[in-house]
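Residues per chain are reported as follows:
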Amino acid sequence: MPWNLLKYGLAPKYPARRDIPAPRDLKKSYDVIIIGAGGHGLSTAYHLARYHAINNVAVLDKGYVGGGNTARNTAVIRSNYISPEAVAFYKASVEMFKNLSNELGYNQMYSQRGQLTLAHSDASVRTFALRAEVNKHLGVRSEIVDRQQIREIVPCLNMDENMRFPIQAGLWHRDGSTARHDAVAWGYAMRAAQMGVEIHQHTEVTGIQVNAGRVVAVQTDRGTVKCNHAVQAVAGMSSVVAKMAGIRLPVRSFPLQAMVTHPVKPFLDPLVSSSDLHAYISQTARGEIVIGGGSDPYELYSTRSTLDLKESLVANTLELFPCIAELKLLRQWAGITDMTPDYSPVMGTSPVKNYWLDAGWGTWGFKATPISGKCMAETLANEKAVELIQPFRLERFKTFTLSNEAGATAASH
Amino acid sequence: MKIMKCPLNGPRNISEFICFGEVSKMPCPKKVSDDEWADFIWMSNNSAGVVQEWWCHSATAYWFIAERNTVTDEILKTYPASDVFTERIDF
Ligand SMILES: Cc1cc2nc3c(=O)[nH]c(=O)nc-3n(C[C@H](O)[C@H](O)[C@H](O)COP(=O)(O)OP(=O)(O)OC[C@H]3O[C@@H](n4cnc5c(N)ncnc54)[C@H](O)[C@@H]3O)c2cc1C
């Protein structure tokens, strides 16, 4: 058996499939340089090449494709936000996810199972009522469900009236879904590369040359490269990279931790989350239970995990699902998230004319990967921020026109 | 559990403390331009490196200043706010 495997592996008849071409030298200049090869950067590159015939594009990453938060998130996809602008934006992304496997010819393992958010307080029930109405008005499937309906949707949930914070009601979001995050990054990377986009891994951006309010070149640890436009999509490092272009952002970087258990037989179909308890869980196609929760208590540029947070997360999760108490944790990790004051992203124009922002994705940006790429590409091609992302412009902090999503994002996904 | 040294209470678990962000100078609200005020309210240095921050020991409501490396999470120094603010500030 091992010999056969070796023979198979070495046989020229079955060459390993390369998703993106082998590394090469950086060119002297590109039309567009995208900093960050996470889902957002790659989706932008793909949409530029596919829909705007702009393929003289380089995507630079200091690490590897999708190794940032794209590989670390818990893959909750939903559109049940609270402000009309956010609902419209995330709804467009959910629609794109539905067809993404076809669009990319790459299995995204997209699976629509519905998301149930639990309310343990009167205040939460009130926000849910508002969210449900805003959602329905904009064509998103959300409704308030009572305790009996919750029992039917998730039979294994702890509905005890004597628990610390008894469950009062739920927000049932049928459009809630999940997908394989690596496939999102690699699908976009592979197709973008096939259309001529260059993806340079292990290429760190160390400086940005700005002259008379315009970016002229990007400095990397592999040399300086000229460009007509530059985009930053670097998540947790948003402030650090923006500073290179002389831009200050309303962003603070916090670690966000998550973990998975060993796999068990399928017992949990919908995604379940509780903002009051700061915990959310789902079961992957492999059977593992993914557990996520609130951010770390203070700012940090480090992806270490802490026992404190794991303990509180486990305690809250077990309050909801005592039935998983015997499961063992298999893996745990953290990502650095770029948090904004209003829990909305910062997208589009910047004080530097040909420098474009795709930042402030915090703990909720995976679900926006397709629509962000589409909008950023269109924005770059027309040199004007598209309508859908106007509410998320950086200037909103000057005009005090914030887009508050704290209530609909507090469970950190 | 990570330990932080409170200038008033000595070494305590970090979970007893709340971080209130980088020490920054508030511009005079009467003289400042709208843009500068907005910048003060919303923007953040979010520095990767050693920063000077406000912390509060929540059990005793004692506010003090810490110097912390935001990359390594090393707490370098903690001291009373009076070490930095030597005069009274009126709002
Ligand atoms: C634990 C956790 C759970 C989450 N759960 C969800 C969820 O359920 N649903 C959801 O929608 N969102 C979730 N998120 C948020 C989501 O993961 C992010 O918002 C999203 O993945 C951001 O994608 P990105 O492409 O912008 O960034 P990333 O994937 O982080 O990519 C940024 C890239 O930039 C590179 N980079 C940084 N600095 C430089 C430099 N100087 N030069 C070159 N390259 C650089 C990095 O190496 C990295 O690869 C979660 C996040 C975490 C951490």
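For the structure, check the block above.
Heads up: these notes are all about the structure in this document. (Residues numbered from 1 in each chain as written. Chains lettered and ligands numbered in written order. Predicted model: local features only at pLDDT ≥ 70, side-chain atom pairs only at ≥ 80, totals over all residues. Heavy atoms only, no water.)

**Quick word on the overall build of chain A**
Note the cut-off: Strands here are runs of E lasting at least two residues and helices are runs of H or I lasting at least four, both read from the DSSP assignment and numbered beginning at the N terminus. For this measure, only C-alpha atoms enter the radius of gyration; the expected value for a globule follows 2.2 Å times N^0.38, where N is the number of residues. Pairs of residues are marked as contacts when any of their non-hydrogen atoms sit within 4.5 Å. For every accessible area listed, the method is Shrake-Rupley and the probe measures 1.4 Å; residues are considered covered only by the protein chains on display. Counted charges follow a simple rule, with Lys and Arg positive, Asp and Glu negative, and His plus the chain ends left uncounted. By convention, the point assigned to a charge is CZ for Arg, NZ for Lys, CD for Glu and CG for Asp.
A tally of regular secondary structure across chain A gives eleven helices and 18 strands. Taken over the C-alpha trace, chain A has a radius of gyration of 22 Å; the compact-globule value for 413 residues is 22 Å, and the two agree within 12%. By its C-alpha atoms, chain A is 70 × 65 × 40 Å across when sized along the principal axes. Long-range pairs, those at least 24 residues apart, make up 76% of the contacts in chain A between residues at least 6 apart in sequence. In the form shown here, chain A has an accessible surface area of approximately 17,200 Å², with 54% of it arising from carbon and sulfur atoms. Here chain A contributes 43 positive and 36 negative side-chain charges, whose respective centroids are spaced 6 Å apart.

**What to know about the sheet that holds strand β6 (residues 75-80) of chain B**
All names here are of chain B. Quick note on the threshold: For two strands to pair, DSSP has to find at least two bridges joining them. The axes are straight lines fitted to the C-alpha atoms, using for helices just the contacting stretch, and the angles between their N-to-C directions are given from 0 to 180°.
In space, the four strands of this open sheet follow the order β3-β4-β5-β6, with antiparallel pairing throughout. Because the sheet does not close on itself, it has two edges, and the strands there are β3 (17-22) and β6. Put simply, the sheet's adjacent strands are angled 30° from each other on average, direction ignored. As paired strands, strand β5 (residues 62-69) and β6 are joined by five bridges and run antiparallel to one another. Each bridged residue has a counterpart across the sheet, and for Ala66 the counterpart in β6 is Thr78.

**Considerations on a nonpolar patch on the surface**
All names here are of chain A. The cut-off we apply is this: Any residue with relative accessible area above 30% and no salt bridge may belong to a patch, with like charges joined within 9 Å and the nonpolar Val, Leu, Ile, Met, Phe, Trp and Tyr side chains within 5 Å. Think of a salt bridge as a Lys or Arg side-chain nitrogen and an Asp or Glu carboxyl oxygen that are within 4 Å of each other. Exposure categories follow from relative accessible area, calculated using a 1.4 Å probe and restricted to protein chains: below 20% of the type maximum is buried, above 50% is exposed, and the middle band is partly exposed.
A cluster of nonpolar residues, Trp3, Leu6 and Leu10, forms a patch on the protein surface that exposes about 420 Å² of accessible area. With respect to the secondary-structure elements, Leu10 resides in helix α1 (residues 2-10). Accessibility expressed as a relative area gives 67% for Leu10, which makes it exposed.

**A closer look at the packing of aromatic side chains**
Which entries qualify depends on this criterion: Centre distance within 6.5 Å is the pairing criterion for rings of Phe, Tyr and Trp, where only the six-membered ring of Trp is used; planes under 30 degrees apart are then read as stacked, over 60 as edge-to-face, and the remainder as tilted.
Going through the model one piece at a time under the given rule, you end up with 18 aromatic pairs over all chains. The interplanar angle of 20° and the centroid separation of 6.2 Å between the aromatic rings of Phe89 of chain A and Trp361 of chain A together place this pair among those described as stacked. Of this pair, Phe89 of chain A sits in helix α3 (residues 84-98) while Trp361 of chain A is found in the loop between β18 (355-359) and α10 (369-382), placing the two residues 272 residues apart along the sequence. Considered together, Phe89 of chain A and Trp361 of chain A belong to a single accessibility category, that of buried residues. The interplanar angle of 85° and the centroid separation of 5.8 Å between the aromatic rings of Phe17 of chain B and Phe64 of chain B together place this pair among those described as edge-to-face. On the criterion of sequence distance, the pair formed by Phe17 of chain B in strand β3 and Phe64 of chain B in strand β5 is long-range, its members being 47 residues apart. The class of Phe17 of chain B is buried, set by a relative accessible area of 6%. A relative accessible area of 0% places Phe64 of chain B in the buried class. Connected via pairs of aromatic rings, a cluster forms that spans Tyr81, Phe89, Tyr90, Trp361 and Phe392 of chain A.

**Comments concerning helix α5 (residues 122-137) of chain A**
Side chains three or four residues apart in an α-helix point the same way, a direct result of the helix having 3.6 residues per turn. Residues and elements named next belong to chain A. Short version of the rule: Helix span is expected to be 1.5 Å times the residue number reduced by one.
Spanning 16 residues, α5 covers 23 Å between terminal C-alpha atoms, matching the ideal 22 Å at 1.5 Å per step. What α5 keeps buried is the set Ser124, Phe128, Arg131, Ala132, Val134 and Asn135. Where the residues of α5 are buried, they touch α3, β4 (115-119), β5 (142-145), β6 (169-173) and α11 (406-409). Backbone geometry just after α5 places Gly139 at a positive phi near 80°.

**Side note on the site of the ligand**
Residues and elements named next belong to chain A. Definition in use: Neighbouring residues are identified by heavy atoms, a residue being near a molecule or strand if any of them is within 4 Å of it. Each polar contact in these results corresponds to two N or O atoms within 3.5 Å; when the atoms are within protein, one needs to be able to donate a hydrogen and the other to accept it, and residues that are neighboring in sequence are counted only if both atoms are side-chain atoms.
Contacts to the ligand come from 38 residues, most closely from Asp61, Asn69, Thr70, Thr74 and Lys367. Contacts to the ligand include Lys62, whose backbone N or O atom sits 3.0 Å from a nitrogen atom. One of the backbone nitrogen or oxygen atoms of Lys367 is found 2.8 Å away from an oxygen atom of the ligand. A total of 1,000 Å² of accessible area belongs to the ligand in isolation, and the protein chains cover 97% of it. Secondary-structure elements contributing two or more residues to the shell around the ligand are α2 (39-52), β12 (252-261) and β16 (329-339).

**Concerning helix α9 (residues 307-320) of chain A**
Residue and element names in this part refer to chain A. Over its 14 residues, α9 extends 20 Å from the first C-alpha to the last, a length consistent with the 20 Å expected when each residue adds 1.5 Å. Those residues of α9 lying buried are Leu309, Lys310, Leu313, Asn316, Thr317, Glu319 and Leu320. Residues of α9 that are buried in the fold lie against β4, β12, β13 (271-274), β14 (279-283), β15 (289-295) and β16.

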